[in-house]
Amino acid sequence: MFSRLIFRNAKRSRKENLIYFATLVTAIASFYIILSLGRQDVIIFLREFESEAIDKLLQLMPIVYGFALFLLFFLILFANRYQLNRRSKEFGVYLLLGMRKERLVLQLLAEGFITSVLALIGGILVGGFLAEIISLTVSKLVGQGIIGHQMSFSLSAVFFTIIGFLFIQFIALFILGGRLFNQEVQQLLKGQMEKKQDMGRVKGNILHILVGSVCLGIAYWIVLYRFEELGGLLLLVALILGCVGTVFFMRGFGRLLGLMASLSERKSTKGLRTFTLRQFQENVANRSDSVAVTSILITLSIILLANGASTIIGFDSTSVKSSSLYDFTVNGDHHKVEEFLHSDAMAPYVEHLNLLEIAQLDNQDVHTEDGQQKTLVDWSKLKEQLIMFLSSEEKEEYLSWEMQGYSISREYPEALNLLGALEMDATTPYLIPESSYNGLLQAIGEESLNLHADEMALYFNPELLYTDDWGNMPVLDTILEKASIEGQTLVSIGDQPISIRTSVPMRGLVADRSVEIRSAFIVPNQMFEQLVNTETYRSYWNFLIPQKLQEEQGLMKPMMEARDILKTSGFEFESFLENYGRQLFYVVSGSYTELYLGFLFLIIACTVLALQFLTQIRQTAQRYITLSMLGAKRGQMKEAMYRQVLYTFLLPMSLACISAAVGIKGMLSFHYLYIEESAMLYPMLLLFASVVIVIVIIYGAAVARSAGHEIDKLRWKPNMD
């Protein structure tokens, strides 16, 4: 009998509180996904290149999981307290019929256990399915065919998901069971009494709104204009001010909602407008702090979802390689490396084999009269031309560098970055022979340079100078074209005037990081041999995977095979895979955590709003019966209730959207949130905004339906419709 009662009550609770049960299933699914991260294909792939970073990421996941459990604990505590309040009369009747309090608490724990088991089964099944979908989707986004997908199921993730969820569930039930145990029968039979409304005074409420508005305004100003100052200190101040401002604003606004009803010109009962506003006011005023918390959670959710989505959408598997041309770079004895790359084992994987030679200009024997080392390079005329493209403010900044040191930034204009790079490198510049760079140009289908004896080309690293289009430098090309037309030479080496070739395509010199230079002079081979400092000479063999092989097998498979063969050679080498893996790790580590927490914050906020509204409907049910006695139709009351649901979700969402928009604007302005292609910005914003709106609509519709059922269960007067 007792067991049947437990099963029946657990089934009824799930049916009556389906929103909460669905939230539990969703949270459990998210727990499994985050704990099974180490079994996903992308992580397995990245372990081969970024094993240390991946290990640190996976060590961080239990902390994220613990934080998520901490948040879910309070949601479970709140939701179960709501259920206990709804069933207080039922529990009082059980005690009147002779059930001991110990047995009543045991019944409560047993019902919670059954609900937890069903939620765990559903959540783990959903989580396992979503984990596979996410793994396939991320693999698709970062490069189709990157890995051969294999089905995976993490038993450790299942174990820790079960242990963690049952732990917080039973702690919450024990706390609430103790509260139930200490209540007397008459308290349970009376149920929860309606709280006395404390609307405060109008002046005090206006003061609350003003204080909240000022705090929010200061927080917005910091985010928009002082985001980078004092490191993260001002950001923390902005966050605290934003939270405090939201709480004060909600307190004042909720209590002043009554003015909208009392000062309304439409004071008739048509549409139950006054009743709707009074109900909404009571819901917000009595629980203004929880409404403020949900608004803060939604704000954080939107910002996290935006940042996580931008990280994924901004990642393009082809763009990673737009600068790094070559697939492999091998370093070692010049002739031995060449011989190995032409061997039968390696030859099928080698195309566009090119020898890169690089060295610095020899300045060792050039000194001034006072014994100071003198540079052979005179680029003063080029400097004058570049300075002409600077504004007065930028000129002052450039001149201040002479004392503080030169720098390069994405925020600087092209001319300022070029001046910084040349100031740092032009004294003893790097030299690249024409033949080495011609091999690179041929690999990308460009014409060879064919430099004259008194001619050179300027090379700038496209990644270190933050050029959006490789080799496209409008300011530099304008200067060089003008000099060519006028017959001027802007640079000289050892008193020999040198003209500069315009519009030279620029790519990464090697596959990854073995050569990291800002700028270099591409010179004829004979000039390279004459001016080079042999002590700084370095050589590298670069090559690409044959295009035919890529078409047959994709890029990753032959690259992995070539890498395995190169490992047996004993030569030092690097590959595009390291660069790719590094970029992919940033995407995975950033987006996974942010999207996970953003989604979790959103469902917790929506669930709190939902349970809060349903609690109010339960407490104020008698008012709807009174309305029916006064002549209100059931349809009118449901329509009024639907508007209350709309207002309940719209109020925190509205303030959250404003705060999130300011946060996203600040992140965009200071490049914390960056999308290389601006055309992707608005589709991305629309995408994550749609996700948030859809989730809120789903919760709102579910709340309206549940509240409608609560109204239908009331004892109406006969023939009220």
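Refer to the structure printed above.
Here we summarise the structure given alongside this text. Computed from a prediction, not measured in an experiment: that's the story for all the values here.

Quick reminder: α-helices carry 3.6 residues per turn. Residues three or four places apart thus point the same way. Relative to the 16 Å expected for twelve residues at 1.5 Å per residue, helix H21 (residues 556-567) spans 16 Å between its end C-alpha atoms, a close match to the ideal helical length. Within the sequence span of H21, burial applies to Met556, Pro558, Met559, Met560, Ala562, Arg563 and Leu566.

Right, let's talk about the pattern of salt bridges for a bit. All told, the structure shown has six salt bridges when counted by the stated rule. Glutamate 423 is paired through a salt bridge with lysine 383; the nearest N and O atoms lie 3.1 Å apart. Residue glutamate 423 is found in helix H16 (residues 414-425), and its partner lysine 383 is found in helix H14 (residues 380-387); the two are separated by 40 residues along the sequence. Since its relative accessible area comes to 17%, glutamate 423 is described here as buried.

Pairing in this open sheet of ten strands is mixed, and the strands run S3-S6-S7-S5-S8-S4-S2-S9-S1-S10 from one edge to the other. The outermost strands of the open sheet, each flanked by one partner alone, are strand S3 (377-378) and strand S10 (572-575). Where strand S4 (residues 430-433) meets strand S8 (residues 519-523), four bridges bridge the pair, whose relative direction is parallel. Among the inter-strand pairings, isoleucine 432 is bridged to a residue of S8, identified as isoleucine 522. Docked against the sheet, helix H17 (residues 434-443) engages strand S2 (351-360), S4, strand S5 (455-460), S8 and strand S9 (538-544), running at close to 145 degrees with respect to S2. Of the strands in this sheet, strand S1 (328-331), S9 and S10 are in contact with H21, which crosses S1 at around 5 degrees.

Once that is clear, we can look at the packing of H14 against helix H18 (residues 474-486). Across the interface, H14 lies against H18 with an axial gap of 10 Å and an inter-helix angle of 125 degrees. Here H18 runs oblique to H14, going by the angle between their axes. In the packing of H14 onto H18, the handedness of the crossing is right-handed. Residues Leu382, Gln385 and Leu386 of H14 pack against Val475, Leu476, Ile479 and Lys482 of H18. Class assignment for the residues of the contact of H14 with H18 results in five nonpolar, one polar and one charged.

Okay, unusual backbone geometry next. Positive phi, normally seen in glycine, also occurs at histidine 352, with a value near 55 degrees. Tracing the chain through its elements places histidine 352 in strand S2. When its relative accessible area of 36% is taken as the criterion, histidine 352 is described as partly exposed. Even without being glycine, serine 503 reaches a positive phi, approximately 50 degrees. When you line up the elements, serine 503 lands in the loop between strand S7 (496-501) and S8. On the basis of relative accessibility, which here comes to 44%, the residue serine 503 falls in the partly exposed class.

Time to look at the pairing of S2. Where S2 lies against S9, six bridges are found, and the strand directions are antiparallel. Looking at the pairing, leucine 355 lines up with tryptophan 541 of S9. One ladder, built from two bridges, connects S2 with S4; its direction is antiparallel. Within the sheet, the bridge partner assigned to alanine 359 lies in S4 and is leucine 431.

If you walk through the whole model with that rule in mind, you get twelve aromatic pairs. Centroid distance phenylalanine 31 to tyrosine 65: 5.4 Å. Interplanar angle 90 degrees. Geometry classified as edge-to-face. Residue phenylalanine 31 is found in helix H2 (residues 18-35), and its partner tyrosine 65 is found in helix H4 (residues 51-86); the two are separated by 34 residues along the sequence. Overall, the relative accessible area of 8% leaves tyrosine 65 in the buried class. For the pair phenylalanine 113 and phenylalanine 170, a centre-to-centre distance of 6.2 Å together with 35 degrees between the ring planes defines the contact as tilted. On the criterion of sequence distance, the pair formed by phenylalanine 113 in helix H6 (residues 101-141) and phenylalanine 170 in helix H7 (residues 155-181) is long-range, its members being 57 residues apart. By relative accessible area, which is 40% here, phenylalanine 113 ends up partly exposed. An aromatic cluster of at least three residues, connected via ring pairs, comprises Phe70, Phe73 and Phe74. The ring of tryptophan 379 has lysine 383 lying over it, and the distance from NZ or CZ to the ring centre is 5.0 Å.

Conventions we followed
- Residues numbered from 1 in each chain as written.
- Predicted model: local features only at pLDDT ≥ 70, side-chain atom pairs only at ≥ 80, totals over all residues.
- Heavy atoms only, no water.
- Helix = DSSP H or I, 4+ residues; strand = E, 2+ residues; numbered from the N terminus.
- Expected span 1.5 Å × (residues − 1).
- Buried < 20%, exposed > 50% of the residue type's maximum accessible area, 1.4 Å probe, protein only.
- Salt bridge = Lys/Arg side-chain N within 4 Å of Asp/Glu carboxyl O.
- Pairing = 2+ DSSP bridges.
- Contact = heavy atoms within 4.5 Å.
- Axes fitted to C-alpha atoms, helices over the stretch in contact; angles between N-to-C directions.
- Parallel < 35°, antiparallel > 145°, perpendicular 65-115°, else oblique.
- Left-handed = near helix turned anticlockwise from the far one by under 90°.
- Nonpolar A, V, L, I, M, F, W, Y, C, P; charged D, E, K, R; others polar.
- Phe/Tyr/Trp six-rings, centres within 6.5 Å; stacked < 30°, edge-to-face > 60°.
- Lys NZ or Arg CZ within 6 Å of the ring centre and 35° of its normal.

These figures capture arrangement, not role.
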